[in-house]
Amino acid sequence: MDYEPKILGFLCNWCSYAGADLAGVSRIQYAPNLRVIRVMCSGRIDPIFILEGFLKGIDGIMVLGCHLGDCHYINGNYEAEIKIGVLNKLLKLIGFSERLILDWVSASEGNRFAQVVNEFTEKIRDLGPSPIKDKKYKINITDELNVIKSALSDIRLRVFIGRKRSIITEGNVYGEVISEEEFDKILDQAIYDEYIRNKILLKIKNKSKSVPEISKEIRVEPNRVLEHIICLKSRGLVDFDKIIDIYPKFISIKEE
Amino acid sequence: MLKNGDGLMEKTGAVLIIGGGIAGIQASLDLAERGVNVELVEKNACIGGRMAQLDKTFPTNDCSICILAPKLAECSHNSKITLHTLSEVKELSGNVGNFKVKVLKKARYVKEDRCINCGVCVEKCPMRVNDEFDMNLRKRKAIYIDYVQGVPAIMTIDKENCLFFTKGTCKICESVCEREAIDFDQKDKEIELFVGSIIIAAGYDMFDVSLIPRLGYGRINNVVTGLEFERLICASGPLGGHLVRPSDKKEPKKLAFINCVGSRDIKNNPYCSSCCCMYTTKEAMIAHEHDNGLKSTIFYIDLRAPGKDFQKYIKRGIRDYNLNYVKAKVAKIIEDKEKNPIVIYEDINTFKIKQEIFDIVILANTIVPKRDAGELAKVLGVELDHYNFFKGETYHPQITSKKGIFLCGACREPMDIPTSVIDASSAAARAAEIIIER
Amino acid sequence: MEDIKIGVFICHCGTNIGGVLDIASITEYVKTLPNVIYAADNIYTCSEVGLSEIRNKIKEFNLNRVIVASCTPRTHESLFRNTCQEAGLNPYLFEMVNIRDQDSWVHMKEPEKGTEKAKDLIRMGLSKAILLRPLEKIKVDINPSALIIGGGISGIHAALNLANQGFQTTIIEKESELGGNLKLLNKLYPIQVDASKLLEIIYMVESHRNINVITSSIPVKVEGFIGNFETTIKKNKQISKIKTGIIIIATGAKALIPEGLFGYNGKTVISQLDLEQLLKENNVNAQNIVMIQCVGARNDVRPYCSKICCMTALKNAMLIKEINPNANITILFRDIQTQGTTYEDYYRKAREKAILFVKYSPEKPPLVKNSVVEVYNELRNLIINIPYDLVVLSTPLIAHEDSTKLAKMLKIPQQDNKFFLEAHVKLRPVDFATDGIFVCGSAHWPADVRESITQAYAAASRASRFLSKDYLEVEGATAEVDTEICIKCKICIKICPFSAISKNQEGEILVNKILCKACGVCGASCPVGAITIHHFTDEQIISEILSCGVGY
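In this text, all values refer to a predicted model and were calculated from it rather than measured experimentally.

1. Notes on the sheet that holds strand 21 (residues 352–357) of chain B
Residues and elements named next belong to chain B.
Turning to step 1, where the next piece is worked out: What the 7 strands build is an open sheet, ordered 16-22-17-18-19-20-21; its pairing is mixed. Single-partner strands in this sheet number two, and they are strand 16 (223–225) and strand 21. Taken pair by pair, the neighbouring strands of this sheet meet at an average axis angle of 40°, ignoring direction.
Turning to step 2, where the next piece is worked out: Where strand 19 (residues 323–335) meets strand 20 (residues 341–347), 7 bridges bridge the pair, whose relative direction is antiparallel. Within the sheet, the bridge partner assigned to Lys329 lies in strand 20 and is Glu346.
Turning to step 3, where the next piece is worked out: The strands that helix 6 (residues 226–233) touches are strand 16, strand 17 (254–261) and strand 22 (360–365); relative to strand 16, the one it contacts most, it runs at about 95°.
Turning to step 4, where the next piece is worked out: Contacts between helix 7 (residues 276–290) and the sheet are confined to strand 17, strand 18 (295–300), strand 19 and strand 22, with strand 17 contributing the most and set at about 170° to the helix.

Okay, here's the thing in structure tokens:
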């Protein structure tokens, strides 16, 4: 397919943006598909930004920061790594993760900057245009991305992400330091659960449905769906609507 | 106006800082932020010094120019700092509080206020000459900037090599410069500066390794110095960060680093160069990051790593970077038919003579006093020590033999970057004290 | 809602941009974009002609947003911001678009695509500019006085320098007199001067009109921030408060007592510190002396080299040789740490004094027996026995137990062995990430007298940068917490590397704009979106994303 991918890049001011400038000063030519948004630190990037970009139809998104240990703000890039890592796991669930990269480019790596941009651009070219631009997939992909967006806007996952570094370095409120592997195991489960829960919410947004109906639609076992429904109900996000046959039907509670 | 705790005081003068490396830069910034006017005199066309040449820095392995560039920019933006590049101190008169300094400012042949560092002239200049910044490992033009992030970000014409100055022809740069920044009529000029105090941050030179012929430098292609290696592995260096060996452009698999080259050596320099144990470790680590099949051996006499978290760094090198430390004295380096250097050494622990073949050998040559340290000391009227480093007081090493003149950085003793930075701030505090006290 | 009037200035940069991109088409395109009141190209926007044009057009068209599309904001943003300000426009209403370093210079062979890119980039800049808000720089008064915690050799010198610069300085010392570790030492290397000689300066400190010394006292609470710290001090049972602009930590370290190591008994097996006392009393009668280096250091618990012990051993060995030239002294070492010129000279001098040096490896450490020290000699591959009547153990400096308490009080970090952790190992070695707090001497890392004094002056220099100002002015672009939305989860407090976010007395979470460096990490981490990162707001960034030129 002949198309020009649209690539968006978030560059931190101190390293990768400087590296991009250096590529310029050294006249290193690279693919013209990149559109750059300068931020002060890669840690500024809220995963929501990236989802907004994908929803808009951007084909590929790069987040570039200082090498680990070089952050001008001490550890902002570690935070970026955690956030983008979680987003990546969610995108994997919908087969979209190839379109996002997080990488490090220093202010002295003009060559490397050009190389990273070129390689990513080619990869996105090979992947083809974002499926969201295809009428066939548009609704489905939009729904999936919105599910992820609502999962990542929700306080539960965000608290998890925000606390990760302090818990694995300083410990939780009980002073227990949890290893990164242990933490990630719990986090992975939470990521998956929140994804499913938000997916259920979307499915019953306008029309009430029974557990078996939802189960069939999202291909998750009915007893798991029921557990999620109970959880969502306790959060006050789902209400019982009516009983049809023997099955109770649920509907999501619309926000004011 | 300078302010102190007692309220406002009359402005009593600026501070002259000699040398625009990391020490001079740090001293300048501290003083400027303190409200003191600074005259920063640098011999080269750009400030930045040795640190700008380094790829990464220990013990964090962060990129050297990444952390230096913001400081360079601060120096050029801060209104309290006047940069005098291509300049040298020629004469000093007066006393503490009232020094008069004559500075020779060499012609740049480029108008500082016109040039925007666009690089068109560089592209068109026909002369290719050795690039000193890149340790002569690549060519630059006769109109050039020391390095791309250099400050001030303007071009310089190298009179020695410019076709107009040598043959009276060319002037291509002048014709392509849309900013009309080229000025062949510029002349060297002498300026006078009035300062209350002086800080010497003149830096150091590197030991000439060819003075030890048995190490094969110059004769064996794959024997390089530490600073050359620094450029070879640097992403913005002549190899674009892709390390290959000089003789056949093959990717090396085995590196040898030899410490104390020209130092702790009665015949050359008896002192310790302070930073080589650490920088060879760093260079070996970076090389391993480029190719993790690579193995490095570091030959040392004593492994000197007393700085903050330096021991941890060495341990990490051994654990994660395949580094092998051998306590040994290297006798000589020879070459086999494939141009592989062979290191012949005496294992200090066992006194046995051994030899090993490597792909590249890196000589950690020592820091030596600036060649013209004697001249500068004479102009300023300060003493040197028995090695020709600038001499400081024992417990106040920033204080020279002359009141009002201070020292910082490796011009007084070999030292690493963190120590130079502390030294610079320290000298700045002493200079500030002099100016405020008056 | 204000009426947005944007002026766009597109720079040719000679042929640097103009020679590649189609500036005319870009300018025409920009004129069609919403809110653009004025758009024009210049040969050099950064020249005086270009700058005065910006100033004139701001006035002529009442522009309230300005965009320059040219080189990189990293070098030129401040120039253009100042220009806007000169014309009466809030400098934060300026936005810069990079069409040279990141466009014309890197797409020289694809000018059409480069031109398209420039249009996209300017459009993105415009969409951000519409949402820009004026911001004001923030000023805070600076109390021009210093508090120095610790009255050892570094604290004393930091105080002297600041006092000589005219700043009121208070030293608090937990002991009953100033001097710190130096009081325990005999002579100092490398010139064998009496340690007490270097303490004569205490007289100057105590009589200095700008210095106030409070002994037998410790800090118990620190509140406030740069410019306005308030420290609660406990002296005996009395509590008092002191207000200062900055704080310097000069609490030092102490020598490890080698309890349980190498048969330490304080009599025949002693520490270097014990030896200092014996030498002071001129009470060293031993004939055969063995010194063991790295005792309790460079091991798993304390992996670090304490920096000062090799020189201390050399010094004491030479002093003993001076008193008793026939004494047999052996130093068992791992690596001799004598960096630089003076110290290496000193080492060479010791070697000339017939002091025996034997290297040992940590795998086969020396064994102190009843009358001999047994050590494995690699050279001869055999165990040698060195007779002794005195063994001296060189132990490292270790952090004080109460340093963690102080770290918590000041919200500053420590490294693994509880030495204080500076903002940046290389470029900010005596600063902390939190502004207004500094460190010097062995509290930072084991340091000898020369180094401690050097660091003391360095810390004073860094501190005087703030103290000399009437007020501190910081960038207006910072983070801000909307307390209505905030759920007080405190994630931002933990995540901020500059300790800029804290809870106030009413329990509200607030950003201290003086300490905030606007990295934006807290904003991206807030679970409920209660934090606004000014000048890089969510809305501004998302607006840029949405206008980058795709649609379907």
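This is not the end of the story, as more comes after the structure.
2. Quick look at a nonpolar patch on the surface
Residues and elements named next belong to chain C.
Turning to step 1, where the next piece is worked out: Together, Ile218, Val220 and Ile239 make up an exposed nonpolar region whose accessible area comes to about 230 Å².
Turning to step 2, where the next piece is worked out: Position of Ile239 relative to the elements: it lies in strand 13 (residues 238–244).
Turning to step 3, where the next piece is worked out: With a relative accessible area of 54%, Ile239 lands in the exposed category.

3. Description of the packing of aromatic side chains
Turning to step 1, where the next piece is worked out: Considering all chains together, one arrives at 30 aromatic pairs over all chains under this definition.
Turning to step 2, where the next piece is worked out: Ring geometry for Phe58 of chain B against Phe310 of chain B: centres 5.5 Å apart, planes inclined by 85°, an arrangement best described as edge-to-face. In this pair, Phe58 of chain B sits in the loop between strand 5 (56–57) and strand 6 (62–63) while Phe310 of chain B sits in helix 8 (residues 310–320), placing the two residues 252 residues apart along the sequence.
Turning to step 3, where the next piece is worked out: Looking at Phe310 of chain B, the relative accessible area reads 5%, which means it is buried.
Turning to step 4, where the next piece is worked out: Judged by centre distance (4.5 Å) and plane angle (50°), the ring pair of Tyr109 of chain B and Phe165 of chain B falls under tilted. Here Phe165 of chain B lies in helix 4 (residues 163–167) and Tyr109 of chain B lies in the loop between strand 9 (98–105) and helix 3 (120–124), a separation of 56 residues in the sequence.
Turning to step 5, where the next piece is worked out: An aromatic cluster is defined as three or more aromatic residues linked by ring pairs; in this entry it consists of Tyr109, Phe164, Phe165 and Phe184 of chain B.
Turning to step 6, where the next piece is worked out: The ring of Trp105 of chain C has Arg27 of chain A sitting right over it, with the charged end atom 3.9 Å from the ring centre.

4. Some thoughts on the interface of chain B and chain C
Turning to step 1, where the next piece is worked out: At the interface, 73 residues of chain B touch 77 residues of chain C.
Turning to step 2, where the next piece is worked out: Interface area, chain B with chain C, both sides summed: about 6,200 Å², of which 52% is carbon and sulfur.
Turning to step 3, where the next piece is worked out: At the boundary of chain B with chain C, the tally comes to 8 salt bridges.
Turning to step 4, where the next piece is worked out: One salt bridge connects Lys308 of chain B with Glu422 of chain C, and the closest N-O pair in it is separated by 2.7 Å.
Turning to step 5, where the next piece is worked out: Linking chain B with chain C are 44 residue pairs in polar contact (both at pLDDT 80 or more).
Turning to step 6, where the next piece is worked out: Among the secondary structure elements, those contributing two or more residues to the side of chain B that touches chain C are strand 1 (2–4), helix 1 (22–34), helix 2 (64–77), helix 8 and helix 10 (417–437) of chain B.
Turning to step 7, where the next piece is worked out: Of all the elements, helix 10 of chain B adds the most residues to the side of chain B that touches chain C, at 14 residues.
Turning to step 8, where the next piece is worked out: Considering only residue class, the side of chain B that touches chain C consists of 31 nonpolar, 18 polar and 24 charged.

5. What about the nonpolar core?
Turning to step 1, where the next piece is worked out: Phe10, Ile50, Leu91, Leu145 and Leu152 of chain A together with Val8 and Ile248 of chain C are the most contacted members of the largest nonpolar core, which totals 179 residues.
Turning to step 2, where the next piece is worked out: The leading source of residues in this core is helix 14 (residues 449–467) of chain C, at 9 residues.
Turning to step 3, where the next piece is worked out: Apart from residues no more than four positions distant in its own chain, Leu152 of chain A is found in contact with Pro47, Ile48, Leu51, Val86, Leu87, Leu90, Leu157, Arg158 and Ile161 of chain A.
Turning to step 4, where the next piece is worked out: With 67 residues, the next largest nonpolar core counts Leu68, Ile199, Phe406 and Val421 of chain B among its residues.

6. So, the domain arrangement of chain B
Residue and element names in this part refer to chain B.
Turning to step 1, where the next piece is worked out: Splitting chain B by domain gives domain 1 (14–106 + 188–204 + 369–436), domain 2 (120–176) and domain 3 (208–366).
Turning to step 2, where the next piece is worked out: For domain 1 versus domain 3, the separation of C-alpha centres amounts to 31 Å.
Turning to step 3, where the next piece is worked out: Taken residue by residue, the interface counts 16 residues in domain 1 and 22 residues in domain 3.
Turning to step 4, where the next piece is worked out: Both sides of the domain 1 and domain 3 interface together cover about 1,600 Å² of buried area, and 63% of this is carbon and sulfur.

7. Let's talk about empty space enclosed by the protein
By rolling a water-sized probe across the atoms, one finds the places where empty space is left.
Turning to step 1, where the next piece is worked out: Enumeration according to the criterion identifies 11 cavities of 30 Å³ or more in this entry.
Turning to step 2, where the next piece is worked out: Roughly 610 Å³ of internal volume is contained in the largest cavity.
Turning to step 3, where the next piece is worked out: Surrounding the largest cavity, 32 residues form its lining, Asp416 and Thr419 of chain B together with Lys307, Gln339 and Glu451 of chain C being those nearest its centre.
Turning to step 4, where the next piece is worked out: Mapped onto the lining of the largest cavity, the elements with two or more residues apiece are helix 10 of chain B together with helix 14 of chain C.
Turning to step 5, where the next piece is worked out: By residue class, the composition of the lining of the largest cavity is 12 nonpolar, 10 polar and 10 charged.
Turning to step 6, where the next piece is worked out: As for the second largest cavity, its lining consists of 19 residues, and the residues nearest its centre are Val36 and Arg38 of chain A together with Glu95, Met96 and Glu544 of chain C.
Turning to step 7, where the next piece is worked out: It is helix 6 (residues 111–131) of chain C that contributes the most residues to the lining of the second largest cavity, 5 residues altogether.
Turning to step 8, where the next piece is worked out: Each residue belonging to the lining of the second largest cavity can be placed in one class, and the counts come to 9 nonpolar, 4 polar and 6 charged.

8. Describing the pairing of strand 1 (residues 7–12) of chain A
Residue and element names in this part refer to chain A.
Turning to step 1, where the next piece is worked out: Among the 6 residues of strand 1, 6 are classified as buried, and the element is accordingly described as predominantly covered.
Turning to step 2, where the next piece is worked out: Side-chain alternation along strand 1 places Ile7, Gly9 and Leu11 on one buried face and Leu8, Phe10 and Cys12 on a second face that is also buried.
Turning to step 3, where the next piece is worked out: Relative to strand 3 (residues 60–65), strand 1 runs parallel, the two sharing 5 bridges. Residue Leu11 lies in a different strand from strand 3, and its bridge partner there is Leu64.
Turning to step 4, where the next piece is worked out: Of the strand pairs in this sheet, strand 1 and strand 2 (residues 34–39) are connected by 6 bridges, and their pairing is parallel. Bridging from a neighbouring strand, Leu11 pairs with Arg38 of strand 2.
Turning to step 5, where the next piece is worked out: Considered for its hand, the β-α-β crossover made up of strand 1, helix 1 (residues 16–25) and strand 2 is right-handed.

9. Thoughts on the packing of helix 2 (residues 23–31) of chain C against helix 6 of chain C
Residue and element names in this part refer to chain C.
Turning to step 1, where the next piece is worked out: Running from N to C, helix 2 and helix 6 cross one another at 30°; their axes reach a closest spacing of 10 Å. Taken as axis vectors, helix 2 and helix 6 run roughly parallel relative to one another. The way helix 2 lies across helix 6 gives a crossing that is right-handed. Across the interface between the two elements, Ser25, Ile26, Tyr29 and Val30 of helix 2 pack against Thr115, Ala118, Lys119, Ile122 and Arg123 of helix 6.
Turning to step 2, where the next piece is worked out: Partitioned by chemical class, the residues of the contact of helix 2 with helix 6 number 5 nonpolar, 2 polar and 2 charged.

10. Comments concerning the packing of helix 7 (residues 153–164) of chain C against helix 14 of chain C
Packed helix pairs are characterised by how far apart their axes lie and by the angle those axes make with each other.
Residues and elements named next belong to chain C.
Turning to step 1, where the next piece is worked out: Axis separation between helix 7 and helix 14 bottoms out at 8 Å; the angle between their running directions is 40°. Classified by the interaxial angle, the pair formed by helix 7 and helix 14 is oblique. Handedness of the helix 7/helix 14 crossing: right-handed. Between helix 7 and helix 14, the contacting residues are Ile153, Ser154, His157, Ala158, Asn161 and Leu162 on the first element and Val449, Ser452, Ile453, Ala456, Tyr457, Ala460, Ala463, Ser464 and Leu467 on the second.
Turning to step 2, where the next piece is worked out: Split by residue class, the contact of helix 7 with helix 14 holds 10 nonpolar, 5 polar and no charged.

11. Re the domain arrangement of chain A
For interface size, the figure often reported is the accessible area lost on association.
Residue and element names in this part refer to chain A.
Turning to step 1, where the next piece is worked out: Here chain A is described as being made up of domain 1 (7–132) and domain 2 (154–252).
Turning to step 2, where the next piece is worked out: Inter-centroid distance (C-alpha atoms) of domain 1 to domain 2 is 30 Å.
Turning to step 3, where the next piece is worked out: Every contact between the two is made by 12 residues of domain 1 and, on the other side, 10 residues of domain 2.
Turning to step 4, where the next piece is worked out: Buried area between domain 1 and domain 2, both sides added, is near 1,100 Å², and the carbon and sulfur share of it is 69%.

12. What about the sheet that holds strand 1 (residues 6–11) of chain C?
Residue and element names in this part refer to chain C.
Turning to step 1, where the next piece is worked out: Taken in spatial order, the 4 strands of this open sheet run 2-1-3-4, and their pairing is parallel. Here the strands that pair on one side only, and so sit at the sheet edges, are strand 2 (36–42) and strand 4 (94–98). Geometrically, the sheet is characterised by an average inter-axis angle of 15° between neighbouring strands, direction not taken into account.
Turning to step 2, where the next piece is worked out: Bridging between strand 1 and strand 2 involves 6 bridges; their strand directions are parallel. Each bridged residue has a counterpart across the sheet, and for Ile6 the counterpart in strand 2 is Val36.

13. Observations regarding the environment of Gly381 of chain B
All names here are of chain B.
Turning to step 1, where the next piece is worked out: Mapped onto the fold, Gly381 is located in the loop between helix 9 (373–380) and strand 24 (405–407).
Turning to step 2, where the next piece is worked out: Sequence separation of Gly381 and Glu393 is 12 residues, and the distance between their C-alpha atoms is 15 Å.
Turning to step 3, where the next piece is worked out: Leaving out residues up to four positions away in the same chain, Gly381 has contacts with Ser401 and Lys402.

Parameters at a glance
Residues numbered from 1 in each chain as written. Chains lettered and ligands numbered in written order. Predicted model: local features only at pLDDT ≥ 70, side-chain atom pairs only at ≥ 80, totals over all residues. Heavy atoms only, no water. Pairing = 2+ DSSP bridges. Helix = DSSP H or I, 4+ residues; strand = E, 2+ residues; numbered from the N terminus. Axes fitted to C-alpha atoms, helices over the stretch in contact; angles between N-to-C directions. Contact = heavy atoms within 4.5 Å. Patch = residues over 30% accessible without salt bridge, like charges linked within 9 Å, V, L, I, M, F, W, Y side chains within 5 Å. Areas by Shrake-Rupley, 256 points an atom, 1.4 Å probe, with all protein chains shown as cover. Salt bridge = Lys/Arg side-chain N within 4 Å of Asp/Glu carboxyl O. Buried < 20%, exposed > 50% of the residue type's maximum accessible area, 1.4 Å probe, protein only. Phe/Tyr/Trp six-rings, centres within 6.5 Å; stacked < 30°, edge-to-face > 60°. Lys NZ or Arg CZ within 6 Å of the ring centre and 35° of its normal. Buried area = accessible area lost by both parts, 1.4 Å probe. Polar contact = N/O pair within 3.5 Å; in protein donor to acceptor, adjacent residues only side chain to side chain. Nonpolar A, V, L, I, M, F, W, Y, C, P; charged D, E, K, R; others polar. Core = buried A, V, L, I, M, F, W, Y, C linked by side-chain atoms within 4.5 Å. Domains from an automatic or database assignment. 1 Å grid on protein atoms, 1.4 Å probe; cavity = no way out; pocket = protein on both sides within 12 Å on 5 of 7 lines; lining within 4 Å. Points joined across faces, edges and corners; volume = space filled by probe spheres on them. Right-handed = clockwise from strand over helix to strand, strands pointing away. Parallel < 35°, antiparallel > 145°, perpendicular 65-115°, else oblique. Left-handed = near helix turned anticlockwise from the far one by under 90°.

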